[in-house]
Every structure is written in C-alpha cells, then in structure tokens.
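Per-entry structural report
If you want the building blocks of each chain, they are given just below.
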Amino acid sequence: MQKNNNLIPYFAASHFQFLILAAACAVLLSLLIPTTQYADSSAPQGQLLVEHASGFAPLYALLSTQGTQGLTYMVIASFVYLLLALFYWHFLHSINQTGALTEALWHSRIHWGLLLCVWFGLLFAYPLLSDDAIAYLVHGRLAWIYQVNPYLSESRELLTNDSWHILLGPLQSLSSAYGPLWFYLSIPPVTMAGSSLPIALIVLKGVNLLLLITCGVIIYHLLSERSIPQRRGAVLALFWNPLVWLEVIWTGHNDIAMLVWILLALLAFQRNRYVFAVCLLMAAVATKYVPLIIVSLVCAAIVRQQRLSSQDIWWTVIKSICGSILVMAIAFLPIMWGNGTTIFAGLIGHATKINPSIGALVQEYGPAFVGHTIAQLIMPMLLIVLVLWQTWRVWHGAALPEAMLIVLLGYVFVISSWLMPWYGVWLIVLAVVVQSWLHHAVLSVTLILPAYYLINVIALPAWFRVLILAIIPLILIAVYRTKPLIKQPLQASGPTPIQE
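Here's a quick rundown of the structure. (Residues numbered from 1 in each chain as written. Predicted model: local features only at pLDDT ≥ 70, side-chain atom pairs only at ≥ 80, totals over all residues. Heavy atoms only, no water.)

This brings us to the overall build of the protein. Along its length, the protein carries 26 helices and zero strands. Against the 2.2 N^0.38 benchmark of 23 Å for 500 residues, the protein shows a C-alpha radius of gyration of 23 Å, consistent with a compact globule. Taken along its principal axes, the extent of the C-alpha atoms in the protein is 60 × 60 × 50 Å. Within the protein, the fraction of its 500 residues that count as buried is 55%. If you take every contact in the protein between residues at least 6 apart in sequence, the share linking residues at least 24 apart comes to 77%. For the protein, the accessible area works out to roughly 21200 Å², and carbon and sulfur atoms hold 70% of it. (Helix = DSSP H or I, 4+ residues; strand = E, 2+ residues; numbered from the N terminus. Rg over C-alpha atoms; globule rule 2.2 N^0.38 Å. Buried < 20%, exposed > 50% of the residue type's maximum accessible area, 1.4 Å probe, protein only. Contact = heavy atoms within 4.5 Å. Areas by Shrake-Rupley, 256 points an atom, 1.4 Å probe, with all protein chains shown as cover.)

This part is about the layout of surface pockets. Its volume calculated, the largest pocket comes out at about 1400 Å³. Lining the largest pocket are 44 residues; nearest its centre among them are Ile76, Ala77, Ser78, Val80 and Tyr81. Looking at the lining of the largest pocket, the elements with two or more residues in it are helix H2 (14–32), helix H5 (58–64), helix H6 (67–97), helix H8 (109–123), helix H13 (242–250), helix H25 (451–455) and helix H26 (462–482). With 14 residues, H6 is the single largest residue contributor to the lining of the largest pocket. (1 Å grid on protein atoms, 1.4 Å probe; cavity = no way out; pocket = protein on both sides within 12 Å on 5 of 7 lines; lining within 4 Å. Points joined across faces, edges and corners; volume = space filled by probe spheres on them.)

Our focus in this paragraph is the environment of Leu128. Along the polypeptide, Leu128 turns up in the loop between H8 and helix H9 (132–144). Expressed as a C-alpha distance, the spacing of Leu128 and Phe56, which sit 72 residues apart in the sequence, is 9.5 Å. In this view, Leu128 contacts Ile33, Leu49, Ala57, Pro58, Leu59, Leu62 and Trp250; residues no more than four positions away in its chain are not counted.

On to the packing of helix H10 (residues 180–193) against helix H11 (residues 197–222). One way to put it is that H10 packs onto H11 with a least axis distance of 8 Å and a crossing angle of 135°. The orientation of H10 relative to H11 falls into the category oblique. The element H10 and its partner H11 pack so that their crossing is right-handed. Each of Trp182, Leu185, Pro189, Met192 and Ala193 in H10 lies in contact with H11, whose residues at this interface are Ile199, Ala200, Val203, Leu204, Val207, Asn208 and Leu211. For the contact of H10 with H11, the residue count by class is 11 nonpolar, one polar and no charged. (Axes fitted to C-alpha atoms, helices over the stretch in contact; angles between N-to-C directions. Parallel < 35°, antiparallel > 145°, perpendicular 65-115°, else oblique. Left-handed = near helix turned anticlockwise from the far one by under 90°. Nonpolar A, V, L, I, M, F, W, Y, C, P; charged D, E, K, R; others polar.)

Evaluated as defined, the whole model comprises three cavities of 30 Å³ or more. Empty space within the second largest cavity amounts to approximately 60 Å³.

So, about the pattern of salt bridges. Side chains that carry opposite charge are capable of pairing whenever their charged atoms lie near each other. A complete count under the given rule lists four salt bridges for this structure. Residues Arg393 and Glu402 are paired through a salt bridge, measuring 3.5 Å at the closest nitrogen-oxygen approach. (Salt bridge = Lys/Arg side-chain N within 4 Å of Asp/Glu carboxyl O.)

This part takes up the side chain of Thr35. Within the secondary structure layout, Thr35 lies in helix H3 (residues 35–38). Under the relative-accessibility criterion, Thr35 is labelled buried at 2%. Apart from residues lying up to four places away in sequence, Thr35 is in contact with Leu123, Phe124, Ala125, Tyr126, Pro198, Leu201 and Ile202.

Once that is clear, we can look at helix H15 (residues 274–285). Relative to the 16 Å expected for 12 residues at 1.5 Å per residue, H15 spans 17 Å between its end C-alpha atoms, a close match to the ideal helical length. For H15, the buried fraction is high: 10 of the 12 residues fall into the buried class. Those residues of H15 lying buried are Tyr274, Ala277, Val278, Cys279, Leu280, Leu281, Met282, Ala283, Ala284 and Val285. (Expected span 1.5 Å × (residues − 1).)

The final tally for this structure, using the stated rule, is zero disulfides. No disulfide involves Cys279; its sulfur sits 9.5 Å from that of Cys322, the nearest cysteine. Taking the relative accessible area as the measure of exposure, Cys279 reaches 14% and is therefore buried. (Disulfide = S-S within 2.5 Å.)

Quick look at the nonpolar core now. With 170 residues, the main nonpolar core has Tyr126, Leu212, Leu238 and Trp240 as its most contacted residues. Among the elements that take part in this core, H11 stands out by supplying 13 residues, more than any other. Ignoring anything within four residues of it in the chain, the contact list for Leu212 reads Trp119, Leu238, Phe239, Val244, Val248, Ile249 and Ile256. (Core = buried A, V, L, I, M, F, W, Y, C linked by side-chain atoms within 4.5 Å.)

Our next topic: the packing of aromatic side chains. On inspection of all chains with the given rule, the structure shows 20 aromatic pairs. Taken together, a centroid distance of 6.1 Å and an interplanar angle of 15° make the contact between Trp106 and Tyr220 stacked. Note that Trp106 is positioned in helix H7 (residues 100–106) and Tyr220 in helix H11, a separation of 114 residues in sequence. When the centroid spacing of 4.5 Å and the interplanar angle of 25° are considered together, the rings of Tyr423 and Trp426 count as stacked. Three or more aromatic residues joined by ring pairs make a cluster, and in this case those are Tyr411, Trp422, Tyr423 and Trp426. In this arrangement the basic side chain of Arg141 is found over the ring face of Trp164, its NZ or CZ atom lying 4.4 Å from the centre. The aromatic ring of Tyr220 is capped on one face by Arg231, whose charged end is 4.0 Å from the ring centroid. (Phe/Tyr/Trp six-rings, centres within 6.5 Å; stacked < 30°, edge-to-face > 60°. Lys NZ or Arg CZ within 6 Å of the ring centre and 35° of its normal.)

For Ser108, the location among the structural elements is in the loop between H7 and H8. Overall, the relative accessible area of 2% leaves Ser108 in the buried class. Polar side-chain contacts of Ser108 include one of 3.1 Å to the backbone nitrogen of His111. (Polar contact = N/O pair within 3.5 Å; in protein donor to acceptor, adjacent residues only side chain to side chain.)

Moving on to the packing of helix H19 (residues 358–365) against helix H21 (residues 372–395). At a closest axis distance of 8 Å, the pairing of H19 and H21 adopts a crossing angle of 160°. It follows that H19 is roughly antiparallel to H21 by the angle criterion. When the axes of H19 and H21 are compared, the crossing they make is right-handed. Residues Ile358, Gly359, Val362 and Gln363 of H19 pack against Ala375, Gln376, Ile378 and Met379 of H21. Class assignment for the residues of the contact of H19 with H21 results in five nonpolar, three polar and no charged.

You can see Tyr38 is positioned in helix H3. Since its relative accessible area comes to 9%, Tyr38 is described here as buried. Between the C-alpha atoms of Tyr38 and Glu225, which are 187 residues apart in sequence, the distance is 47 Å.

Purely spatial values, then, with no claim about function.
Here is the structure:
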C-alpha cells in the first residue's frame, strides 16, 4: 500500500503529464501516418512518396507537396518534441535528486502501460524521418527473394521495378555499408512478411524494440554495484529518451543492434571474461564498423586489469586474437566467399558522403589554407590522437565506458563528415552507464540532434547547420564540465563495476 501512496504526489506532477503527452503523441502519429498506407506504393500516400522522392527522408518528399502548410506542420511537430525533451530533462533532474520518484515509477503499472502505448504507437507509424529501414529490408530481400549478394553493386540492377526499392530516395543507391551480422538480422522480417512491406517494417522495428529492451536489461546488470534506485533510474533514462523513441522505434535505425554487443562486451569485461569481451566487441564491429575506433581502449583495459604474469597476459592475447578471427570468419565468410573485398564497395562509397559537420567543413574549406592532402589528413589524425589519448587514460585507470563515450563524442560532433541525429543513440546508451558529469551532459545535449530534420527543410548555410548540430552541443557540454547544472547522484559504496 505504501508504494501506491507514493504514486499520488508524483503522478499529480509533471511526470505523469509527460507520459500522457508522449503516449498521445505516439498514438496520434500512428493514426496520421499509418505504415500500412505509406508503405503501399499503390496507395495515394505511397504514390506521393514515390513521385516526390527527396534525399533519404520521406518527410521532405511529403512536405514538398504541401508548401508553407507542410512547414507549419513541421514547426508544430518540433514544438511538441521540444516539450517532450524539456519534460525528459526535468525527469533526469528529478531522479537525480531523489530515488523515491524512480521507485514510484518502477512499481507503477500505469507508468509501464503508458510507456507501452508510446512504443506501440511509434511501432505502427511509417518511418518518415528516414528510409534506412526500407534499405535494410531491401538488402534482406535481395538475399531471400533474388538470391544474390546485397553487398555487390551489380545486385541492385535487379531492383529496377521492385515495389520496395522504388520507395527509397536517391541517396540509397549504394550497396550495404553495414556489417553482415545486421544483414543477417534483416532477413527474418523479409521472410515473415512475404510481399508485404508494412509487415516487414513493423517486424523490423519490433526487433529494434526487443533490442532496446535487451539493452535495458544489460544496463541493469552492468550497474550491479550501484544502488537499486540508481540502476532503475538508468534503465528509465534509456526507455524514456525521446531521441531513442524517434530513431530506434519509429525510424528503425540499426544502431541499437551494435550497442547491444558493446554493452555485452562491457558486462563480460566486468565479470573478468576478457576473451569473451573482445569477441563480443568484434561482433559489434561485424554489425556496424564504428566500434573499430574503441578496440584499443578495451585491449588496454584488459591488459591493465588482468595483473597477471607476462605469460598469462600473452596467453589471453593469443586467445583473444583467435576468438576475434573466429567471430569475423563466421560473420564475413558467407558474404565474402568468391567475392573478396568487393563487398566493401558500399562502405567506401559511404565514407565519401559529406553532410554539414565540423569534419565536412574542414574537408571543404581546408584545402584553401593547407592544401588538399593535409586537409584530408586533419580529421583522421585527430581521431588517432583522440583514441591514443583515451587509451592512455584507460591504461592509467580511467573508467572504460567513459573513455569510450569521449571517443565517440569526438567522432560524432567533431571528426565525422557525416553527422546524423541517430548517432546520438550511441552516446545515450554509453552515457546512461557512466558516473561522471558526462552522464547528464550527454543525455541533455543529444536532445538537440533532431533539429536536423527542421533545419534541412529550410535553405540555411552549412555553417549554421553545424552551429546548431555540433558547436552548440559542444559548448553545452563544456558548460556542464565547468559548472554542472544539476547535482550529481550519490555514489554507491565501493568501486564501480568497470572502474578500479
């Protein structure tokens, strides 16, 4: 009875209103933008997206037919998201001050019911913010229906009249740029859906939802040495995050699949299963290639933590190398057999893409000051320096998740020439598990990233887009570093699970 009484003062406040607003928005979204109509190329909504294809975001195709009215809808939607983001920031502040709110929400059936309404509504809404989910399914369709390797550029010639492929924007003309483990995961939705793209999209997004819940479970176990309210608060901070809702459940991006492996690697490292941790990290690389930049951090942490004789350390190194080779062979051999390195054509093509970011501006304007060759080397060298710095910090005892988060922060906001909102999901998942000031800083500033969709509707100069998406977040992170905006949570006694 005490738990029910605790709910009264909290659900009377803004947190209950936040859940109601979020659930209503998600359900309304599924009613206004039903997947079953927008994914059907014979329906008026589907025909609209085919006739007015624009970039990688079907949203822009839709808005292009509505003129100023479409822009008005976009502004209203942005305002609603802003409200959700402010409520979420207030929620982070509240659970940081007291564990009572976390416990009240955790034991409330109403809270979990409303959260399920949010997830259910987003699951059945067409992914207007990106056509990447359809691209994933097309890759699976090439393998299952057409019996060809989707990593080969010539395979896409079979898709000229394909009813799924015609819904893709012009930027989806390259072969797959993702690892084979994600490709294998995209095949089951195709087999279950048959010829129905709406069913395939819903199943694919359902897989993402299950992976998101899996991340929550892993995070709960990863933080086993913290207090119960802190562990539950970390899970709720992930499940309630509006950017995660947009990019994982609604849009269906595959980043959460990579992050499951990374979290499992951290959990294995925490349990002193070092070889297993390296193998899991290689599985993350075989899902998306980004974790390659944090491999040295994990290796440094393992060597430092083991504290055994040099012979034992070398034996661990040998087993880790053999395990990594085995994981990569299992993942890559089916698609590489008889094709060699040609399967990386899509990855190479993706690396040449330019999107407004600090890295892109350096590539564009750098040659005028330092020459083309040096300009092309600035960001790769900066990445190497950043990785070496954080590897050195881990070697000297820095927490592994925090170091990984710093590397990915630098890559997303500074180094990458292709800055996208869903990259913020990488940062959010790692920020949830760190115990430093970066926890609140990253969870707060990543809420800005969906501004990308609004500023791309308006013809704005590249430097302004970079200011909004990269420079302002970096400034806010610096503000958190020098003067934290909210009180840090109390630390549990004893060492953290993945920090000495």
